[in-house]
Amino acid sequence: MENTGEIPAEQPKSAPEDRAVAGPFDESEANPVRPYVDLGGVKVLPREGLHLRLEVEEGTKRVVAIGLDYANSTLQVQPFAAPRSSGLWHEIRAQIADQIARQGGTTTVREGTFGPELLAQIPVAAGDGQQAQQGQMRLARFVGVDGPRWFLRGVIAGEAAVDPEAAAKIEDLFRSVVVVRGNTPMPPRDLIPLRMPASSTGAPTV
């Protein structure tokens, strides 16, 4: 529903009570001496066994998401601009559930580490040269945190979608992410620009 005027009911923010001290962090809250990998809209703390991937839109060559492979799991993160006083996660969560239902999948809302999250069963699409079995599903967890003027979305797959030990490691990784909103005016829901790391530390080869 496009509406440039006032939204009738502002959605409350959804975030852990200790977000400002335990993460995900705003740039103003992050420890300045930690050796973050700078990816533009987010900064990621390197750790043993962590592999970083940039997900690029084919046509525009724009970086649209950061993929983190860790603990036999994957975490995809995307930072979005958000209003100062209201949150986006409650509305976005409902839209993700609708989208997955249209694909023939199912979602369950449950209370997680970061607040409400979606546990989704998504039909596996057949890739090039490989046959997806009829009715095959993959499990994914959709998490979201509303911060100051930003919203951070995470998609968790692999062992962390089902195994509590792997989940704790991926949740800790998500908590360590720093969002760099910047001062540029942006409409809510716009992706905060992401980019290749400036240094070679943890940078993927292109």
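Look up: the structure comes first, before these words.
Report on the accompanying structure.

Conventions adopted
- Residues numbered from 1 in each chain as written.
- Predicted model: local features only at pLDDT ≥ 70, side-chain atom pairs only at ≥ 80, totals over all residues.
- Heavy atoms only, no water.
- Helix = DSSP H or I, 4+ residues; strand = E, 2+ residues; numbered from the N terminus.
- Contact = heavy atoms within 4.5 Å.
- Areas by Shrake-Rupley, 256 points an atom, 1.4 Å probe, with all protein chains shown as cover.
- Core = buried A, V, L, I, M, F, W, Y, C linked by side-chain atoms within 4.5 Å.
- Buried < 20%, exposed > 50% of the residue type's maximum accessible area, 1.4 Å probe, protein only.
- Salt bridge = Lys/Arg side-chain N within 4 Å of Asp/Glu carboxyl O.
- Pairing = 2+ DSSP bridges.
- Phe/Tyr/Trp six-rings, centres within 6.5 Å; stacked < 30°, edge-to-face > 60°.
- 1 Å grid on protein atoms, 1.4 Å probe; cavity = no way out; pocket = protein on both sides within 12 Å on 5 of 7 lines; lining within 4 Å.
- Points joined across faces, edges and corners; volume = space filled by probe spheres on them.
- Axes fitted to C-alpha atoms, helices over the stretch in contact; angles between N-to-C directions.
- Expected span 1.5 Å × (residues − 1).

## Focus: the overall build of the protein chain
When helices and strands are tallied, the protein chain shows three helices and 11 strands. Excluding contacts between residues fewer than 6 apart, the proportion of contacts in the protein chain whose partners are at least 24 apart in sequence is 59%. Of the roughly 11,600 Å² of accessible surface on the protein chain, 49% is carried by carbon and sulfur atoms.

## Examining the nonpolar core
Counting residues in each nonpolar core, the largest one holds 29 residues, and the members touching the most others are Leu-39, Val-42, Ile-66, Leu-68, Leu-75, Leu-152 and Phe-174. At the level of elements, strand S3 (42-44), strand S4 (51-56), strand S5 (63-70), strand S6 (73-81), strand S9 (137-147), strand S10 (150-158) and helix H3 (164-175) are the ones that each hand at least two residues to this core. Sequence-distant contacts of Leu-152, defined by excluding residues within four places in its chain, comprise Pro-24, Val-42, Val-77, Gln-78, Pro-79, Val-143, Gly-144, Val-145, Phe-174, Val-177 and Val-179. Membership of the second largest hydrophobic core comes to 16 residues, among which are Phe-80, Ile-96, Val-155 and Leu-191.

## Notes on the pattern of salt bridges
Throughout the structure, instances matching the rule amount to 11 salt bridges. Linking Arg-53 and Glu-55 is a salt bridge whose minimum nitrogen-to-oxygen distance equals 3.5 Å. Several salt bridges converge on common partners, so that one network encompasses Arg-110, Glu-117, Arg-141 and Glu-171.

## Examining the sheet that holds S3
Two pairing modes exist for strands in a sheet, parallel and antiparallel, and in both the strands are linked by backbone hydrogen bonds. Here we have four strands laid out as an open sheet, ordered S1-S11-S3-S2, and mixed in their pairing. Unpaired on one side and paired on the other, strand S1 (25-26) and strand S2 (37-38) mark the two borders of the sheet. Sheet topology places S3 next to strand S11 (residues 178-179); two bridges connect them, and they run antiparallel. Each bridged residue has a counterpart across the sheet, and for Lys-43 the counterpart in S11 is Val-178.

## Side note on the packing of aromatic side chains
This model, assessed by the stated rule, comprises three aromatic pairs. Both rings, one in Trp-89 and one in Phe-151, keep their centres 5.7 Å apart while their planes meet at 25 degrees; by these two values the pair is stacked. Of this pair, Trp-89 sits in helix H2 (residues 89-102) while Phe-151 is found in strand S10, placing the two residues 62 residues apart along the sequence. On the basis of relative accessibility, which here comes to 0%, the residue Phe-151 falls in the buried class. Between Phe-114 and Phe-174, the aromatic rings sit 5.0 Å apart at their centres with planes inclined by 75 degrees, giving edge-to-face as the arrangement. With Phe-114 in the loop between strand S7 (106-112) and strand S8 (115-123) and Phe-174 in helix H3, this pair connects stretches of sequence that are 60 residues apart. Each member of the pair, Phe-114 as well as Phe-174, is classed as buried.

## Re the layout of surface pockets
Here the second largest pocket is characterised by a volume of approximately 430 Å³. The wall of the second largest pocket is formed by 21 residues, among which Ile-96, Gln-99, Phe-142, Arg-153 and Val-155 lie closest to the centre. Looking at the lining of the second largest pocket, the elements with two or more residues in it are S4, S6, H2, S9 and S10. Ranked by the residues each element gives to the lining of the second largest pocket, the list is headed by H2, at five residues.

## Quick look at the sheet that holds S9
Strands sit in the order S4-S5-S6-S10-S9-S8-S7 across an open sheet of seven strands; the sheet is antiparallel. Only two strands of the sheet have a single partner each, and these edge strands are S4 and S7. Taken pair by pair, the neighbouring strands of this sheet meet at an average axis angle of 25 degrees, ignoring direction. Helix-sheet contacts for H2 involve S7, S8, S9 and S10, and the interaxial angle to S8 is about 15 degrees. Contacts between H3 and the sheet are confined to S5, S6, S9 and S10, with S6 contributing the most and set at about 30 degrees to the helix.

## Some remarks on H2
Because each turn of an α-helix spans 3.6 residues, side chains separated by three or four positions end up pointing in the same direction. Across its 14 residues, H2 extends 20 Å between first and last C-alpha, which sits within 8% of the 20 Å expected from 1.5 Å per residue. Directly beyond the C-terminal end of H2, a positive phi value near 95 degrees is found at Gly-104.

## Some details on unusual backbone geometry
Each neighbour pair has its own omega, and for Gly-23 with Pro-24 the value is -5 degrees, a cis peptide bond. Note that Pro-24 resides in the loop between helix H1 (19-22) and S1. Even without a glycine there, the phi angle at Lys-61 is positive, about 60 degrees. Tracing the chain through its elements places Lys-61 in the loop between S4 and S5. Lys-61 sits in the exposed class, given a relative accessible area of 62%. With phi around 55 degrees, Asn-72 is a residue other than glycine that occupies positive phi space. Here Asn-72 lies in the loop between S5 and S6. By relative accessible area, which is 62% here, Asn-72 ends up exposed.

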